[in-house]
Amino acid sequence: MTNNELLKEKCNPASYEKLMALRNTKLHEFVASYAELCNPNSIYVGTDAKEDRAYIRQQALKNGEEKSLAIKGHTIHFDGAQDQARDKAQTKYLLPHGADLTSVPNAIEKGPGIEEIRSILKDIMVGKEMYVLFFCLGPTGSEFSIPCVQLTDSSYVGHSEYILCRTGYEQFKEIGSSEAFFRYVHSAGDLENGVSKNVDKRRVYIDIEEDIVYSTNTQYAGNTVGLKKLSLRLAIQKASREGWLAEHMFLMAVHGPKGRKTYFSGAFPSACGKTSTAMLPGETIIGDDIAYLRKYKDALHGVNVECGIFGIIQDVNDKDDPVIWKVLSTPGQAIFSNVLVCDDNHPRWLGDGRPAPEKGINFSGQWHKGKKDADGKEIPSAHKNARYTISLYDLSNTDSELDNPHGVPVRGIIYGGRDSSILPPVQEAFNWEHGIITMGASLESETTAATLGKEGVRQINPMSNLDFLSIYLGTYINNNLQIVKGIEKPPRIFLVNYFQKDKEGNYLTAMEDKRVWIKWMELRVHGDVDAIKLPTGSIPEYEDLKRLFKEVLNKEYTEEDYLKQFSIRVLENCAKIARIKEFYTKHKKNVPDILFTILDEQKKRLERAHEEHGDSLFPPAFRHSQ
Ligand code: SPV
Ligand code: MN
């Protein structure tokens with residue numbers, strides 16, 4: 001049977017026509033070959049039309065992957081109890097025979113990898129429909145755009161993508177026979193009660209040569225939604241070849257004095273305050289997860305590859321997050337995942353600001369307070385990594401430039417991690433190289449529920465992008481150093497930490513304080529405030545923060561708090577440098593010498609200060625040192 005005959009047999013006439021309207025042989029071959037392997041009963045082709053989007057949504061309700069909630073347009077989706085987060089262990093790069101398997105974390109040889117994934121995919125869609133859906137990474141019709149095609153038998157995945165991503169059928173029409181597009185093959189596998197049953201055969205395999213990602217026997221969006229983390233892995237490789245950056249970053253505008261808008265991007269490991277920073281009251285958001293950065297004119301410009309949010313719902317409440325709350329409590333499209341559904345068919349989650357629920361349905365099935373899992377551990381009412389999926393177009397604080405094909409000029413880059421003992425709330429790098437090396441490349445964070453495995457383990461996570469690197473770490477660091485070459489005023493680089501604790505384990509800052517740190521960073525970008533130079537970076541002057549706390553939060557900020565938060569702990573900082581050096585000595589391939597030079601210089605500055613000032617460096621002693 002030829003490809004076209006096969007497609008004609010599996011598609012209804014309307015779907016066949018939609019597919020053939022795209023005059024792209026590589027696309028037709030791709031769809032046909034996986035239709036043959038996965039063997040679905042039928043194929044549905046979705047365009048950018050409203051009806052097609054509605055069809056996928058209806059299918060999700062029909063096949064049980066989603067259920068309607070009390071509020072119109074809202075649905076609940078459950079992932080299996082073992083499928084609640086990204087599976088790093090089963091996410092692997094397929095490298096050609098003879099390639100250096102140490103070049104990326106978790107690489108395997110392509111031959112056996114493809115054989116394995118093909119055996120899993122064989123006949124996996126029997127009895128199901130395969131959806132062929134088209135999307136675009138980044139704004140359409142832009143230098144940033146990358147067209148993508150998703151094959152999936154999961155209407156939940158398709159529905160999520162229609163909310164989270166820009167549609168791309170029209171873009172495919174425009175690219176004609178071009179072969180430059182990303183491809184994703186996904187199957188949730190057999191479902192039991194609407195969730196993937198065979199988690200032992202869960203795989204996420206990435207073929208960088210072919211720009212294909214395979215994902216099987218999983219539904220959790222971080223493992224399945226092609227345009228999120230799956231494409232980030234492909235994009236990092238493509239970006240490295242073409243001279244741009246694909247980053248695990250939010251994009252936002254910070255609103256400064258006299259209506260000034262200053263764009264920032266920010267990289268934080270999962271569940272460390274990335275979305276909440278991008279959603280800060282009074283500021284406007286472009287994206288909360290993945291940004292592409294390119295040189296444009298004399299600046300570094302960024303776009304959000306998506307147009308929606310797959311956000312952690314824990315602690316979202318009407319007081320702290322009024323904008324998200326509104327979307328989650330009024331009619332419109334929203335998917336809730338892994339929350340608790342109560343008898344009144346309303347969702348509940350941890351930290352939602354309401355009295356704790358007694359019973360309902362959650363990822364473990366029927367749930368009641370005190371229910372225990374097989375290990376005797378109490379099951380929480382909702383999962384810690386429970387999420388909401390919403391469109392940015394439904395938020396009232398979305399920035400006007402979300403779809404600007406040139407992106408927005410990034411003037412500041414913020415790195416942040418979950419660090420209970422070392423870092424102050426905010427520091428600014430001395431220059432681009434210092435920031436990239438001691439802040440981005442040295443990002444450390446304690447693990448969270450967003451990935452499977454133990455929580456609270458301190459890990460080095462360069463630019464919070466380590467999970468997605470498809471090139472040598474050293475090459476990636478180099479790309480970051482080089483990207484601003486020729487840009488007269490590169491973005492300023494900052495390092496923040498919202499999780500600083502005292503010796504008794506109490507947080508030293510409040511959640512809302514980040515509103516102040518970001519205003520300070522905005523002022524620094526424009527040279528409107530001075531800073532105090534410490535060995536690790538520049539920190540705010542007390543008086544500026546005092547004024548900003550009053551202006552932004554109407555809070556009194558004491559000098560005592562300032563000194564507690566901003567005194568630098570010398571020994572901990574030196575120990576961190578030793579860990580970072582050891583890490584890069586291990587991943588030594590292509591690591592630039594300048595990384596070690598800059599870390600050594602920082603260590604020397606700390607040691608000199610230690611001799612003079614002791615273990616704790618108090619900002620006032622450094623006030624006039626610049
Ligand atoms: C993250 O874990 O970094 C997320 C959610 O943004 S996921 O889609 O799972 O990657
Ligand atoms: Mn993320």
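Just so it is clear, the structure is predicted and the values come from calculations on it, not from any experiment. (Residues numbered from 1 in each chain as written. Chains lettered and ligands numbered in written order. Predicted model: local features only at pLDDT ≥ 70, side-chain atom pairs only at ≥ 80, totals over all residues. Heavy atoms only, no water.)

**Focus: the domain arrangement of the protein chain**
Move 1: When the domains of the protein chain are assigned, the result is domain 1 (3–66 + 82–243), domain 2 (246–305 + 401–621) and domain 3 (311–394).
Move 2: Counting residues at the interface gives 13 residues for domain 2, matched by 10 residues for domain 3.
Move 3: Both sides of the domain 2 and domain 3 interface together cover about 870 Å² of buried area, and 67% of this is carbon and sulfur.
Move 4: The largest per-residue losses of area from domain 2 upon contact with domain 3 belong to Met279, Leu402 and Ala449, which jointly make up 38% of the total buried on that side.
Move 5: Where domain 2 meets domain 3, there are 1 salt bridge.
Move 6: Two residues, Glu455 and Lys384, come together in a salt bridge whose shortest N-O distance is 2.9 Å.
Move 7: In this structure, the connection of domain 2 to domain 3 is made through 2 residue pairs in polar contact (both at pLDDT 80 or more).
Move 8: Residue contributions to the side of domain 2 that touches domain 3 peak at 3 residues, all from strand S17 (residues 284–287).
Move 9: Classifying every residue of the side of domain 2 that touches domain 3 by side-chain character gives 8 nonpolar, 3 polar and 2 charged. (Domains from an automatic or database assignment. Contact = heavy atoms within 4.5 Å. Buried area = accessible area lost by both parts, 1.4 Å probe. Salt bridge = Lys/Arg side-chain N within 4 Å of Asp/Glu carboxyl O. Polar contact = N/O pair within 3.5 Å; in protein donor to acceptor, adjacent residues only side chain to side chain. Helix = DSSP H or I, 4+ residues; strand = E, 2+ residues; numbered from the N terminus. Nonpolar A, V, L, I, M, F, W, Y, C, P; charged D, E, K, R; others polar.)

**Considerations on the pairing of strand S3 (residues 74–77)**
Move 1: Residues His74 and Ile76 of S3 are buried on one face, and the alternating residues Thr75 and His77, pointing to the opposite face, are buried as well.
Move 2: Between the end of strand S2 (residues 67–68) and the start of S3, which pair antiparallel, lie 5 residues, with Gly73 showing a positive phi angle near 90°. (Buried < 20%, exposed > 50% of the residue type's maximum accessible area, 1.4 Å probe, protein only. Pairing = 2+ DSSP bridges.)

**With respect to helix H11 (residues 322–329)**
Move 1: Within the span of H11, buried status applies to Ile324, Trp325, Val327 and Leu328. The buried residues of H11 occupy an angular sector of 165° when projected down its axis, which confines them to one face. (Arc of directions from axis to C-beta.)

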